[in-house]
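The primary structure of each chain is shown beneath.
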Amino acid sequence: MDNSTRIPEKRETLVNDLKAVIQDAEDLLRSSGQQAGQQFDDRYKNARVKFEETLSNAKSGLSGMEQKVSARTREAVDTTDQYVKAHPWQSVGIGAVAGLIAGFLMLRR
């Protein structure tokens, strides 16, 4: 499989991994606050506030990235759909050539 065909899979994996990291960080933040109780010193409080801000920024950035990826994917699908409708025989020819190339590559392995 070509790397360009695996990009959406890799992107989805990255997004899922980032979501998991954010969730784990939130859990860690909550549990550390419960364990330390009233023994917070000023440095720990400041670090925690900074971490919460960074975590919040990461979550909003991830959400924005998901929206951009979704919009670009929809745009690519719409463009492809328009091309196929406007040029059906060329699309069939491109598909046939791509299938032949993929078949030859699979035979070589």
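Remember, predicted model here, so these are calculated numbers, not experimental data. (Residues numbered from 1 in each chain as written. Predicted model: local features only at pLDDT ≥ 70, side-chain atom pairs only at ≥ 80, totals over all residues. Heavy atoms only, no water.)

Examining the overall build of the protein chain
Check the secondary structure of the protein chain and you find three helices and zero strands. Order of helices (α) and strands (β) in the protein chain, N terminus to C terminus: α-α-α. At a minimum sequence separation of 6, the contacts of the protein chain that also span at least 24 residues come to 50%. Accessible surface, the protein chain: about 9200 Å² in total, of which carbon and sulfur atoms supply 58%. (Helix = DSSP H or I, 4+ residues; strand = E, 2+ residues; numbered from the N terminus. Contact = heavy atoms within 4.5 Å. Areas by Shrake-Rupley, 256 points an atom, 1.4 Å probe, with all protein chains shown as cover.)

Description of the nonpolar core
The biggest cluster of nonpolar side chains holds five residues, and these are Val-15, Ile-22, Ala-25, Leu-55 and Leu-62. If you list the elements that add at least two residues to this core, you get helix 1 (3–36) and helix 2 (42–86). With three residues, the top contributor of residues to this core is helix 1. Residues in contact with Leu-55, not counting those within four places in the same chain, are Ile-22, Ala-25 and Glu-26. (Core = buried A, V, L, I, M, F, W, Y, C linked by side-chain atoms within 4.5 Å. Buried < 20%, exposed > 50% of the residue type's maximum accessible area, 1.4 Å probe, protein only.)

Quick word on the confidence of the model for the protein chain
Considering every residue of the protein chain, the mean pLDDT works out to 77; 76% of them sit at 70 or more. Mean pLDDT across the secondary structure elements of the protein chain bottoms out at helix 1, with 69, and peaks at helix 3 (residues 88–108), with 91. (pLDDT = per-residue confidence, 0-100.)

So, the environment of Ile-22
Considering the arrangement of structural elements, one finds Ile-22 in helix 1. Discounting residues that sit within four places of it in the chain, Ile-22 has contacts with Leu-55, Ala-58, Lys-59 and Leu-62.

Some remarks on the pattern of salt bridges
Applying the stated rule across the entire model yields one salt bridge. For Lys-85, the salt bridge goes to Asp-81, with nearest N and O atoms at 3.3 Å. Taken together, the residues span about one helical turn, with Lys-85 and Asp-81 both in helix 2 at a distance of four residues. Of the residues examined, Lys-85 reaches a relative accessible area of 64% and is grouped as exposed. (Salt bridge = Lys/Arg side-chain N within 4 Å of Asp/Glu carboxyl O.)

Remarks on a nonpolar patch on the surface
A cluster of nonpolar residues, Leu-14, Leu-18 and Met-65, forms a patch on the protein surface that exposes about 230 Å² of accessible area. On the secondary structure map, Leu-14 appears in helix 1. Leu-14 gets classed as partly exposed once you look at its relative accessible area, which sits at 44%. (Patch = residues over 30% accessible without salt bridge, like charges linked within 9 Å, V, L, I, M, F, W, Y side chains within 5 Å.)

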